[in-house]
Amino acid sequence: MRLLFLAVLRPHTGNAVTAQRIRDHLEAAGHVCFLKDTLDFESPSDIADFIAAERVEAGLALHLYRGGRLLQGHHIPFGVIFGGTDVNEDVHQQDKNTVMEKVLEEARFAVAFTESMKAAAQAQWPQAKSKIYVQSQGITTIPNPTFNWNTFLQRAEINQSADNLHVFLLVCGLRQVKDPLFLVDAFSAWHQEEPSVYMVIVGPEVDPVFTRDVKARVQRSAGVRLVGEMPREDLHAVMKNCFAMVNSSLSEGMSAAILEAMDLELLVLARNIPGNAAVVKHEATGLLFSDPQEFVELAERLLRDPALERDIVTNGREYVQKHHSWQTERAAYQSLVQRLAGSTENGEVGQSPRGL
């Protein structure tokens with residue numbers, strides 16, 4: 001099958017990594033998959049022209065609003081993958097909600113990363129209940145073996161012996177929904193009491209206006225550093241050298257960075273929101289916090305309790321290996337995409353890989 005796969009493909013973001021991995025799954029099954037950035041198309045006619053020129057037979061979109069709406073009305077069957085902000089944020093805007101409802105009506109299937117995301121989507125669009133499936137993200141990690149940690153510390157302007165450091169890594173695109181400033185004041189105050197702790201924020205500058213605010217705040221915050229986007233292999237190498245991964249997002253679908261950290265045997269401290277709580281079990285596979293003070297208390301506890309750190313790291317790695325296998329994800333998408341072949345009507349697509 002010749003497939004058009006639409007997603008927001010800003011480099012070094014979770015969306016781009018997820019889309020590229022799913023494209024690889026489909027191509028491994030012999031499909032031709034055109035992975036295109038939604039921003040490459042300015043109008044429905046641009047999509048129609050591409051479909052005609054490349055003889056596209058079916059479509060797939062990551063994010064119900066940003067991608068899914070572009071596949072409507074072109075007389076090709078398509079499926080959608082919830083991104084997270086579509087279910088958690090965009091539903092509260094009536095115009096977007098209306099569009100997404102129509103996308104779901106036309107879609108052959110919709111994939112949620114977690115049971116909680118599926119439940120939220122079904123509550124919002126109960127008429128689409130029969131076509132919403134759960135498939136967790138598959139995870140692979142590939143640390144760069146030649147990466148130099150000391151050079152990274154110099155780049156981050158951390159002038160301290162690597163042997164006496166505890167680096168807390170926050171990986172996110174700089175936009176408001178990721179809330180990278182949530183912990184900055186509390187962390188900075190903690191750093192002044194405990195100079196060995198640093199928080200390093202790594203990620204692309206997604207929102208230019210918000211990025212300026214982040215840079216200004218970080219610049220005047222002791223113990224907090226901001227580093228630009230990095231190749232995935234280098235980022236994985238950074239993870240292996242840090243003390244913990246931090247996620248302070250207001251909303252998540254399923255954080256690939258959290259899962260990658262677990263796979264690399266890195267502690268995870270995550271804000272207690274549904275998307276994070278779906279993969280981080282408190283005191284088992286990671287720690288969940290609700291406010292900055294609780295974060296500091298939990299972080300201090302980890303510094304004092306190496307046994308707890310070891311248990312959490314071990315459990316996190318086992319969890320990822322058991323529940324986030326890329327082989328399972330590959331089989332699921334290769335099965336789902338077959339539902340785009342033939343003349344099967346919406347909703348009548350049989351059982352999902354994990355059932356309903």
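Caption draft 1: Representation of the overall build of the chain. A count of helices and strands for the chain gives 14 helices and 12 strands. For 356 residues, the compact-globule formula gives about 21 Å, and the C-alpha radius of gyration of the chain, at 21 Å, lands near that figure. Taken along the three principal axes of its C-alpha coordinates, the chain extends 65 × 40 × 40 Å. For the chain, with 356 residues in total, the buried portion stands at 55%. Considering only contacts in the chain between residues 6 or more positions apart, those separated by 24 or more positions represent 71%. Charge centroids of the chain, computed over 34 positive and 45 negative side chains, lie 3 Å from each other.

Caption draft 2: Structural detail: the side chain of Asp 86. Within the fold, Asp 86 resides in helix H3 (residues 85–88). Buried within the structure, Asp 86 lacks any salt-bridge partner; its nearest side chain of opposite charge belongs to Arg 66, at an N-O separation of 8.1 Å. One polar contact links the side chain of Asp 86 to the main-chain amide nitrogen of Leu 64, over a distance of 2.8 Å. Setting aside residues up to four positions removed in sequence, Asp 86 forms contacts with His 63, Leu 64, Tyr 65, Ile 81, Val 91 and Met 100.

Caption draft 3: Region of the structure containing the sheet that holds strand E5 (residues 110–112). The parallel open sheet is built from six strands, whose spatial order is E2-E1-E3-E4-E5-E6. In the strand order of this sheet, the two ends are held by strand E2 (32–37) and strand E6 (132–134), each with one partner. Each neighbouring strand pair of the sheet contributes to a mean axis angle of 20°, computed without reference to strand direction. Here four bridges tie strand E1 (residues 2–7) to strand E3 (residues 58–62), and the two strands are oriented parallel to one another. Bridge assignment links Leu 4 to a residue of E3, and that residue is Gly 59. Helix H1 (residues 14–28) contacts E1, E2, E3 and strand E4 (78–81) of the sheet and is inclined by roughly 165° relative to E2.

Caption draft 4: The arrangement of the sheet that holds strand E12 (residues 287–289) in detail. Within the open sheet, the six strands sit side by side as E9-E8-E7-E10-E11-E12. Their pairing is parallel. A strand with exactly one partner marks an edge of an open sheet, and here the two such strands are strand E9 (224–227) and E12. Across this sheet, the average inter-strand angle for adjacent strands is 25°, counted without regard to direction. Seen against the sheet, helix H9 (residues 232–241) touches strand E7 (166–171), strand E8 (197–202) and strand E10 (244–247) and runs at an angle of roughly 145° to E7. Its contacts with the sheet put helix H10 (residues 256–263) on E7, E10 and strand E11 (267–271), and the angle it makes with E11 is roughly 160°.

Caption draft 5: View of the pairing of E7. Both E7 and E8 contribute to a ladder of six bridges, which runs parallel. What sits directly across from Leu 170, in E8, is Ile 201. Considered for its hand, the β-α-β crossover made up of E7, helix H7 (residues 184–193) and E8 is right-handed. In terms of strand pairing, E7 meets E10 through three bridges, oriented parallel. From the neighbouring strand, Phe 168 faces E10, where its bridge partner is Ala 244.

Caption draft 6: Examining the confidence of the model for the chain more closely. Per-residue confidence for the chain gives a mean pLDDT of 92; residues scoring 70 or more make up 96%. Below pLDDT 50 for its whole length, residues 343–356 participates in 33 contacts with residues either more than four positions away or in separate chains.

Caption draft 7: Main features of the side chain of Lys 96. Among the secondary structure elements, Lys 96 is positioned in helix H4 (residues 94–106). Once residues within four sequence positions are removed from consideration, Lys 96 is found in contact with Tyr 65 and Asp 90.

Rules behind the numbers
- Residues numbered from 1 in each chain as written.
- Predicted model: local features only at pLDDT ≥ 70, side-chain atom pairs only at ≥ 80, totals over all residues.
- Heavy atoms only, no water.
- Helix = DSSP H or I, 4+ residues; strand = E, 2+ residues; numbered from the N terminus.
- Rg over C-alpha atoms; globule rule 2.2 N^0.38 Å.
- Buried < 20%, exposed > 50% of the residue type's maximum accessible area, 1.4 Å probe, protein only.
- Contact = heavy atoms within 4.5 Å.
- Lys, Arg positive; Asp, Glu negative; His and termini not counted.
- Charge placed at Lys NZ, Arg CZ, Asp CG, Glu CD.
- Salt bridge = Lys/Arg side-chain N within 4 Å of Asp/Glu carboxyl O.
- Polar contact = N/O pair within 3.5 Å; in protein donor to acceptor, adjacent residues only side chain to side chain.
- Pairing = 2+ DSSP bridges.
- Axes fitted to C-alpha atoms, helices over the stretch in contact; angles between N-to-C directions.
- Right-handed = clockwise from strand over helix to strand, strands pointing away.
- pLDDT = per-residue confidence, 0-100.

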